[in-house]
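# Fold and contact review
Spelled out from the first residue to the last, the chains are:
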Amino acid sequence: MNDPVPAAALADHAFLRGMPPDEVAWLARAAVAVSLPAGRRLFDEGAPAEKCWLLTSGQVALDLHMPGQANLIVETLGPGDVLGFSWLSPPHQWQFGAEAVEPTDAFELDGATVKALSDSHPELGYQLVLRFLATAVERLQATRIRLLDLYAAPSRDAGAR
Amino acid sequence: MDGPIPGDGPLLMEAAALDSLLEALRGAGYRVIGPTVRDRAIILDELGSAGDLPFGWGVSLEPGGYRIRRRDDSAAFGHSAGPQSWKQFLHPPRQKVWSAHRTAGGFEVEAADEPAPRLAFFGVRPCDLRAIQIQDQVLGRGEHAGSRYAARRAGVFIVAVNCTEPGATCFCASMDTGPQAGPGYDLALTEMAGEGTHRFLIDVGSPAGAGMLAGVPVRRADNATAGSARSAVAGAADQMGRLMPADILHDLMAGSESAARWDDVASRCLTCGNCTMACPTCFCTTVEDVTDLSGDHAERWQLWDSCFDLDFSHLHGGPVRSSPRSRYRQWLTHKLGTWHDQFGSSGCVGCGRCIVWCPVGIDLTEEVAALQAEAGQAQNSPTAPPHAQTGGEL
Amino acid sequence: MSSLQAVPARYRIVSRAAETSDTVTLGLEPVDEPIAPHQPGQFAMLYAFGSGEVPISISGEPGRPGLVYTIRSVGAVTRALCEAGPGQMIGVRGPYGTDWGVTDAAGQDLIVVAGGIGLAPLRPALLAALAARERYRRVTVLIGTRTPGDLVFAGELDTWREQGADVRVTVDRATAGWRGHVGVVTQLIDRVDVDPVATLALVCGPEVMMRLAARALSARGVAPGRIRISLERNMRCGIAECGHCQLGPLLLCRDGPVISYQRAVPLLSVKEL
């Protein structure tokens, strides 16, 4: 059962911290509260990307299909995180899959509705873009750190000058 | 005559009686180490007799330059900044720490316990006396009280020599280590070598010092002679070739981490480490574990090391201090700055050896003056850059 | 005889457990007079006959007889130690250095953040806290590791949970079958509940990871003076007389390896200090 979301509940989410109440109220029109059981796949790679989720509890894994193996997890997201960027820009296609690894609650936002609201309320669009950008930067920095492979054994060729 | 008592007023001894003093030391079981001319330098080695001392030899000193030269007089101690310091006898360049050999059940370890030699240091300049005391603090006190350094040090008899003629690169007065020897000697000599006279004023600094003079021809010094010797030493303080602002050094070094001057000195510094070898307080060592060909016998040796060596700061596949800039900065900021934090005093005694023995003539007094000027400009500039921040950019 | 020994005490390996493909935990019993007991966070210089010495932090439970060290094979000496087996003799000099001071968290929350093999030096502090669990409020253990196969002490995590610790593990890179967190360990810090005024945080791992984790903890309000890290530099003597382990005014074998983040921050921010 998908319930509408009161603006006050939406405003509490970490992703929307600091968003002016007026804009939150508009955004609430695009949101429904969802509860996903463990194992529910939210989307698969290649499918049309039309939504995003603000997670409030549980854990969602972003994964990639590997032939001959179980899907490989590339990142896990939890309460306070936003899931789903690919709806924002062409080709509007999911680059990864997503699965709830635990029972997960979230606010599901409909992409088309958010876009329409942002067209008529540019301030909402601006606030959302700022936040998506900040999250992307944070994940890029974290990914760079993971690429450093800090826990690997020290390399013999390190420090060449 | 009756045995002299420490603090009872200075004594006078003719230069001809030096052999008598040396024999007294040898008779008491000491090996006497002192300056002597060899290989066109004044080095420290065992003295067979007073004749081994470098009578009439002086030195010409400049950044990156050392020449011995003939003096006009026959002074035995009219020189400074030789390539060696007394640390090679108290903190030897190579020492075996322990040896081990394989057994059926594993291995056995034996500490290398050589008895500490009984050494008398003859001719310790005030700067070098302070340097010995600085190394005592680092290597021989507190938790190091039972160390081999402490054992070697305990047996040493010190005959200091006050300075009346500083070398061109000396700055002991700035560092408050000379030209008058501070406490810690058994005997302190002030040489007076002029027309027709050659004698020594002697200050007794300990009961052992007093006892050593028992068979040596000495007499009470008259006030005029004593006064003349004292003022010669005091006058030396005004003839120093260099100056250091000792009281601001710790803070200057602490604030200098990103100074541009380090790049300047790095363009000249060869990171050869001569300064650390010649410096009388540098104490860093490394350990080397070696086995024989059979692999059944292993030894651990302690060797002098230098923070200029690339391997010194080796960590996880590379040196932490890789650039010459960082290594020179480490040496100078440690010597003049963080030494205070670690050991409670400056690490520099103003002997000037690092200036003389640097192949490219880097002068730390000049570097300090430049750092001071740069810090002063940074303070006064309205657009002074903020301290370097760790990045947060994309 | 100096209180700082220069000659290693001999110990015999009585147990050897492979933690990962390159990491081994050795249990030792004394052959000669045992050395003084380690405090959590302290280290010893371990000697492999004919090979040399390396500084290794204690990784075993304090108060138990014998010594336990977890060693990663990264060079000649550690390789020799990792290849040694029960019955073999090695040398031990120590304990040296500062300790984690875990009892300073009494009555407060304890957060332990470990990166890779950094969990080994933290394990004694954690075990000490769990042995006196009622003295602490919440005990949280956040572990970052390269892949699931690189997790050390993997078999103990559930025991720690049973003893009252909230243990969360994240991997940089998942392998097939891993259903846990995937991401940097600072993400775990961002998601855990932190009481800024009543927390002591202990952090250990690669230096970059410790800087990032300490920053993340600071961002959650934990005072830099209440965050402790364990620093590493080239150590040769372990007894503050060879000069190798200097970091600015500190001699890490004596003033560390555990130091407060507050003291470390100005030193870590200078390149090539």
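Here is what the cut-offs are and how they apply
Residues numbered from 1 in each chain as written. Chains lettered and ligands numbered in written order. Predicted model: local features only at pLDDT ≥ 70, side-chain atom pairs only at ≥ 80, totals over all residues. Heavy atoms only, no water. pLDDT = per-residue confidence, 0-100. Contact = heavy atoms within 4.5 Å. Helix = DSSP H or I, 4+ residues; strand = E, 2+ residues; numbered from the N terminus. Buried < 20%, exposed > 50% of the residue type's maximum accessible area, 1.4 Å probe, protein only. Polar contact = N/O pair within 3.5 Å; in protein donor to acceptor, adjacent residues only side chain to side chain. Expected span 1.5 Å × (residues − 1). Arc of directions from axis to C-beta. Buried area = accessible area lost by both parts, 1.4 Å probe. Salt bridge = Lys/Arg side-chain N within 4 Å of Asp/Glu carboxyl O. Nonpolar A, V, L, I, M, F, W, Y, C, P; charged D, E, K, R; others polar. Core = buried A, V, L, I, M, F, W, Y, C linked by side-chain atoms within 4.5 Å. Pairing = 2+ DSSP bridges. Right-handed = clockwise from strand over helix to strand, strands pointing away.

## A closer look at the confidence of the model for chain B
Across chain B, the average pLDDT comes to 93, with 95% of residues at 70 or higher. Contacts of residues 386-394 of chain B to residues separated by more than four positions or lying in other chains number nine contacts, the stretch itself having pLDDT below 50.

## Brief notes about the side chain of glutamine 127 of chain A
Residue and element names in this part refer to chain A. By the element assignment, glutamine 127 lies in helix α4 (residues 122-147). Judged by relative accessible area, which is 11%, glutamine 127 ranks as buried. Only 2.9 Å separates the side chain of glutamine 127 from the side chain of glutamate 123, close enough to count as a polar contact. Excluding its chain neighbours within four sequence positions, the residues that come into contact with glutamine 127 are Met19, Pro20 and Glu23.

## Let's talk about helix α6 (residues 223-236) of chain B
Residues and elements named next belong to chain B. When the terminal C-alpha atoms of α6 are compared, their 20 Å separation across 14 residues agrees well with the 20 Å that a helix rising 1.5 Å per residue should span. Taken residue by residue, α6 has Thr225, Ala226, Ala229, Val233 and Ala236 as its buried positions. All buried residues of α6 fall inside an arc of 100° around its axis, so they share one side. Among the exposed residues of α6, those oriented more than 90 degrees off its buried face are Asn223 and Ala224. On its buried side, α6 packs onto β1 (11-14), β10 (187-194) and β11 (197-204).

## Quick notes on the environment of serine 230 of chain C
Within the element layout of this structure, serine 230 of chain C appears in strand β12 (residues 227-230). Between the C-alpha atom of serine 230 of chain C and that of glycine 205 of chain C, which follows or precedes it by 25 residues, the distance is 7.8 Å.

## Remarks on the interface of chain A and chain C
Each partner contributes to the interface: chain A provides 23 residues, whereas chain C provides 27 residues. Taken over both partners, the interface formed by chain A and chain C buries close to 2200 Å², and the fraction arising from carbon and sulfur atoms is 53%. Broken down residue by residue, the surface that chain A buries against chain C is led by Ile73, Arg146 and Tyr151 of chain A, which jointly contribute 34%. Our count for the chain A to chain C interface comes out at three salt bridges. Between glutamate 99 of chain A and arginine 179 of chain C there is a salt bridge whose closest N-O contact spans 3.7 Å. Taken together, the links from chain A to chain C amount to eight residue pairs in polar contact (both at pLDDT 80 or more). Looking at the side of chain A that touches chain C, the elements with two or more residues in it are β6 (72-77) and α4 of chain A. Here the side of chain A that touches chain C takes six residues from β6 of chain A, the largest share from any one element. Taken together, the residues of the side of chain A that touches chain C break down into twelve nonpolar, five polar and six charged.

## Considering the interface of chain B and chain C
The interface of chain B with chain C comprises 51 residues on the first partner and 41 residues on the second. Interface of chain B and chain C: buried area, both sides summed, is about 3700 Å²; carbon and sulfur atoms make up 53% of it. If you look at where chain B meets chain C, you find one salt bridge. For the pair chain B and chain C, the number of links is 26 residue pairs in polar contact (both at pLDDT 80 or more). At the level of secondary structure, the elements contributing two or more residues to the side of chain B that touches chain C comprise β6 (94-103), β7 (106-111), β13 (285-291), β14 (297-304), β15 (314-315) and α10 (324-343) of chain B. Considering each element in turn, the side of chain B that touches chain C owes the most residues, eight residues, to α10 of chain B.

## Remarks on the nonpolar core
Residues Phe121 and Tyr328 of chain B together with Val113 of chain C are the most contacted members of the largest nonpolar core, which totals 101 residues. Per element, the largest residue contribution to this core is seven residues, and it comes from helix α3 (residues 126-139) of chain B. Once residues lying within four places of it in the same chain are set aside, the contact partners of tyrosine 328 of chain B are Trp262, Val265, Cys269, Phe308, Ile362, Leu364 and Glu367 of chain B.

## A word on the pairing of strand β9 (residues 165-171) of chain C
The side chains of a regular strand alternate, first on one face of the sheet and then on the other. Residues and elements named next belong to chain C. Of all seven residues in β9, five are buried, a share of seventy percent or more. Two elements, strand β8 (residues 139-145) and β9, share seven bridges in a ladder whose sense is parallel. Counted as the bridge partner of threonine 140 is aspartate 166 from β9. Following the chain from β8 across helix α3 (residues 157-162) to the adjacent parallel β9, one finds a crossover that is right-handed. Where β9 lies against strand β10 (residues 181-182), two bridges are found, and the strand directions are parallel.

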